Amino acid sequence: SPPEQAPPRPAFDDDEFVELRTAMVRDQIEGRGVADEAVLAAMRRLPRHRFAPMVSARSAYGDKPQPIGHGQTISQPYTVAYMTEVLELGADDRVLEVGTGSGYQAAILAEIVGEVVTIEIIRELADSAAERLQRMGYRNITVLHGDGYHGYAARAPFDAIVVTAAASHTPPPLVAQLRPGGRMVIPVGRAGWIQNLLLVEKHADGEVSTRNLASVRFVPLTGGH
Ligand code: SAM
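Description of the structure in this document. Predicted, not measured: the structure shown is a model, and the values here were computed from it.

### Focus: the nonpolar core
Consideration 1: Ranked by internal contacts, the top residues of the largest apolar core, which has 64 residues, are V95 and I161.
Consideration 2: The element best represented in this core is helix α5 (residues 104-112), accounting for seven residues.
Consideration 3: In this structure, I161 is in contact with L96, L174, L178 and M184, ignoring residues within four places of it in sequence.

### With respect to the site of the ligand
Consideration 1: Lining the immediate environment of the ligand, one finds 25 residues, of which G99, G101, S102, G148 and G223 sit closest.
Consideration 2: Of all elements in the fold, only β2 (72-74), α5 and β4 (115-120) reach the threshold of two or more residues within the shell around the ligand.
Consideration 3: Ranked by residues supplied to the shell around the ligand, first place goes to β2 with three residues.
Consideration 4: When grouped by side-chain class, the residues that make up the shell around the ligand number twelve nonpolar, eleven polar and two charged.

### Description of unusual backbone geometry
Consideration 1: Cis geometry marks the peptide bond from A156 to P157; its omega dihedral reads 0°.
Consideration 2: Its place among the elements puts P157 in the loop between β5 (141-145) and β6 (158-163).
Consideration 3: Of note in the backbone geometry, H70 takes a positive phi value of approximately 60° without being a glycine.
Consideration 4: Position of H70 among the secondary structure elements: in the loop between β1 (66-69) and β2.
Consideration 5: The backbone of E88 shows a phi angle near 50°, a positive value even though the residue is not glycine.
Consideration 6: Note on placement: E88 falls in the loop between α4 (77-86) and β3 (94-98).

Cut-offs applied
- Residues numbered from 1 in each chain as written.
- Predicted model: local features only at pLDDT ≥ 70, side-chain atom pairs only at ≥ 80, totals over all residues.
- Core = buried A, V, L, I, M, F, W, Y, C linked by C-beta atoms within 7 Å.
- Buried ≥ 20, exposed ≤ 12 C-beta atoms within 10 Å, placed from the backbone.
- Helix = DSSP H or I, 4+ residues; strand = E, 2+ residues; numbered from the N terminus.
- Contact = placed C-beta atoms within 7 Å.
- Near = placed C-beta within 6 Å.
- Nonpolar A, V, L, I, M, F, W, Y, C, P; charged D, E, K, R; others polar.

Laid out in structure tokens, this is it:
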């Protein structure tokens, strides 16, 4: 069979913070049990500090979410790694992200899969993430401004969906846009509280099952739904 088409991977010219990044992956991510080599490699490679320009590089690689403006955050590195791992991604997958924020999670996904569509409800964040990802050289990420509750039917079905804001319930449009055999990871629960990180699996026969993976704390999924 023909070799798999690898997604385009931009070349980054800075290795300035490689030690911080290596330590981040070793201590925060591998050290807590994330073992998917594709996820680890993406997190070792991607210059996370460029996605968190409001804080120092040391903080950007720290074990916490960080502010990105507009009351929003770039998620903790471990959370990004764990949510990516549980999706069990393949090189040809098309993935939907709801909650672009800085664009960091989208770039991690784009290092691993063929195509990423990401939706952000705050226009300024959507614009700055799109500009950042374009400038970094990603050509397999589409950033959309809108309410991600409704997903993006024009590019459905998706092999995987990741929601990075806390919803009160699992949005039916997102379940509908998941391909049979696909996986979605989504924090569900009360805004401002601890939520359940759910893994929603759509099986080959169309049956949907849900499993609670962990307790998490995310900013709320907003919008008019
Ligand atoms: N994934 C992001 C990253 O890597 O930087 C972090 C996401 S931040 C924790 C959650 C984001 O979801 C915020 O930028 C917020 O504006 C966005 N958001 C909230 N509700 C949304 C909605 N209904 N549709 C799309 N984005 C939404």
